[in-house]
Amino acid sequence: MRKAFIGNLTARARESKEFTLLVGDLGFGVVEEFSTEFPDLFLNVGVAEQNMTGMAAGISESGRRVFTYSIANFPTMRALEQIRNDVAYHGFPVTIVSVGAGLDYGTLGYSHFAVEDIAVMRSLPGMKVYSPADERELGTVMDEIFSSSGPSYLRLSKDSHAELPSLSGWIDASKPRKLLAGSSSTLILVTGTIGANVIEACRLISKEKLVTFDVYSLPQISPMLLEGVEWEKYNSVVTIEEHALTGGFGSAVLEYLSNSDLSLKVLRLGIDQPAKLPVGSAGFLREVAKLDPLSIYREVLNLALSIRED
Amino acid sequence: MKDLLTVARDARLVALKMVHKARAAHIGSSLSVIDILVAAYSFRISNPGSEVLLSKGHAAAGLYAVLNKFGEIPDSWVETYCEDGSKLGGHATKADIPGVVFSTGSLGHALPFAVGVSYRKKLAKESGHTIVVMSDGECDEGSNWEAALVAAHLGLNNLVAIIDRNRLQSFQDTEQTIRLDPLDLKWESFGWKVSELNGHDINLITETLMSPSPEKPHLIIANTVKGKGVSFMEGNNLWHYRSPNDLELEQAITELSRP
């Protein structure tokens, strides 16, 4: 999705939108379309993420939106105190962009698995956390970012992903996007490109077991706004994320539920021990982490059937 | 406004009283930086578009005292330093404090921020300098060196860093902690114009601020004494953490009030 992101920036720059893109010496072959046409809106600040983030805060003090851009954990973990103190605390309009959400850089090993970022970033004050599942969600997220004035974190997949199915009527990044409709009393919530695996799993369950689900994709994890979800229909919810189980999307849903009057059984699917994963392609690692369609199929079916029996 | 030397003297008195009342730390660090801050804020007045950032945020008492004497912060706020719910805490925090544009408290943050400000202003052809006041111990932090490299690479001649070189940090002398010298050569090799001067000579600091390089960021090494102005505090690292008791405050006031 990095190409779509740069394409989005380029289009806005052509409409004379004022903003700045800072990169930490990454984006080769991706950012040139933007940087050559708009050199005044772009700066490669080198392999120095703490300075990049501090600079972003300084540039944005004037009210200008600034993007910091790198891969995996570099724009986040490496500069976390700067994000916390200089950006989030001040409420500056800085968007931290990480390319390679989850296990996208799987062959490069743990240093490049972005699997704790949601947990960390959503704990920062006023930080909006976005995790688009496809380019359509990315488009609406970018609209949100450009019409807001505070800090945000944008978690992007490396490659382009086919558009997920959508039931009509949804155009707002801050609202849950209904992907599938069904009759099960188990609700499914997913964030990010792993949504494609969830769709495949649900189609399989529908075909083989004739059980159908309401599935929502959430491009915005924080603040978590679940307008439109008809909670009275459900007795359970499954959350799926390409992220560690601790503190991520599923935990955010747990927090949401505990702050409400709702009482549902929650099953969280995610990566159990990311540091123990081997190297490999994202597809392979998703299988190891039991986030492939078949594993999701088993887990969701188990839950739906066990609840039915209660 | 009074002459700058008197302003600095008065600011020292305010800082001492603040720290005494609040039983707060960092009086030594505040006293060493006051003359630098007086020069910097005076420059800010005569050079519109300029800003002063206190990167060594723990010298907040010194900063607030100077801002109080420049008429930016009222006496009533000063009275509440470090009290429950006060606008004025132990580190300069964003709370709409006039004269403070950036909250600090963790070292190594203001210089990168200032690089961003200076870069944007230079592109937009806006006037004014951004002055970052740092401590020497703070130069241990790597983020400063990232910023130093980038500032020089971008030729940010509208950026000034002033190091309060009092040669002491938490435990002991900076040179015994992590050797910084030759500090001037380090910054020079990074591509900065380096000036070195007596950090208690307000007029000289002001003059030096007026002579930036045409193409490089400017580093001013201001040689100072921690605890400057109070004889029993000068060069004594006990005063990094300790606050003066009633008797010590009285002695300090007597010394500073001598004509």
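None of the values given here were measured: they were computed from a predicted structure. (Residues numbered from 1 in each chain as written. Chains lettered and ligands numbered in written order. Predicted model: local features only at pLDDT ≥ 70, side-chain atom pairs only at ≥ 80, totals over all residues. Heavy atoms only, no water.)

**What about the packing of aromatic side chains?**
The relation between two aromatic rings is expressed through the spacing of the ring centres and the mutual angle of the planes.
Residues and elements named next belong to chain B.
Then step 1. On inspection of all chains with the given rule, the structure shows 17 aromatic pairs over all chains.
Then step 2. A centroid spacing of 6.3 Å and a plane angle of 55 degrees characterise the contact between Tyr41 and Phe70, whose relative ring orientation is tilted. A residue pair is termed long-range when its members are at least 10 positions apart, and Tyr41 in helix 2 (residues 27–46) and Phe70 in the loop between helix 3 (60–69) and helix 4 (75–79) qualify at 29 residues. Neither residue differs from the other here; Tyr41 and Phe70 are each classed as buried.
Then step 3. Summarising the aromatic geometry, the rings of Trp187 and Trp192 are spaced 4.9 Å apart at their centres and angled 85 degrees between planes, so their arrangement reads as edge-to-face. Judged on exposure class, the residue Trp187 and its partner Trp192 are both buried. (Phe/Tyr/Trp six-rings, centres within 6.5 Å; stacked < 30°, edge-to-face > 60°. Helix = DSSP H or I, 4+ residues; strand = E, 2+ residues; numbered from the N terminus. Buried < 20%, exposed > 50% of the residue type's maximum accessible area, 1.4 Å probe, protein only.)

**Quick look at the interface of chain A and chain B**
Then step 1. Each partner contributes residues to the interface: chain A has 22 residues there, and chain B has 20 residues.
Then step 2. Contact between chain A and chain B buries roughly 1900 Å² in total, counting both sides, with carbon and sulfur atoms accounting for 61%.
Then step 3. At the surface where chain A touches chain B, the tally comes to zero salt bridges.
Then step 4. Run the count over chain A and chain B and you get eight residue pairs in polar contact (both at pLDDT 80 or more). (Contact = heavy atoms within 4.5 Å. Buried area = accessible area lost by both parts, 1.4 Å probe. Salt bridge = Lys/Arg side-chain N within 4 Å of Asp/Glu carboxyl O. Polar contact = N/O pair within 3.5 Å; in protein donor to acceptor, adjacent residues only side chain to side chain.)

**Points about the sheet that holds strand 1 (residues 51–54) of chain B**
Pairing between sheet strands relies on hydrogen bonds along the backbone, with the strands arranged either parallel or antiparallel.
Residue and element names in this part refer to chain B.
Then step 1. Taken together, the five strands give an open sheet; going across it, the order is 1-2-3-5-4, and neighbouring strands pair in parallel fashion. Looking along the sheet, the strands with just one partner apiece sit at the ends: strand 1 and strand 4 (193–198). On average, adjacent strands in this sheet sit at an angle of 20 degrees to one another, irrespective of strand direction.
Then step 2. Sheet analysis places strand 2 (residues 130–135) next to strand 3 (residues 159–165), joined by six bridges and oriented parallel. Bridged to Ile131 within strand 3 is Val160.
Then step 3. Taken strand by strand, helix 2 contacts strand 1, strand 2, strand 3 and strand 5 (218–223), and its axis lies near 165 degrees from that of strand 1. (Pairing = 2+ DSSP bridges. Axes fitted to C-alpha atoms, helices over the stretch in contact; angles between N-to-C directions.)

**So, the pattern of salt bridges**
All names here are of chain A.
Then step 1. By the definition in use, this model includes 28 salt bridges over all chains.
Then step 2. For the salt bridge of Asp214 with Lys233, the shortest nitrogen-to-oxygen distance reads 2.7 Å. With Asp214 in strand 9 (residues 214–217) and Lys233 in the loop between strand 10 (220–222) and strand 11 (236–244), the pair connects residues that are 19 residues apart, well separated along the chain.

**Overview of the side chain of B:Asn237**
All names here are of chain B.
Then step 1. Inspection of the secondary structure assignment puts Asn237 in the loop between strand 5 and helix 10 (246–257).
Then step 2. Side-chain polar atoms of Asn237 contact the backbone oxygen of Ser170, separated by 3.4 Å.
Then step 3. If we ignore the near neighbours within four places in the chain, the residues touching Asn237 are Leu168, Gln169, Ser170, Phe171, Gln172 and Lys226.

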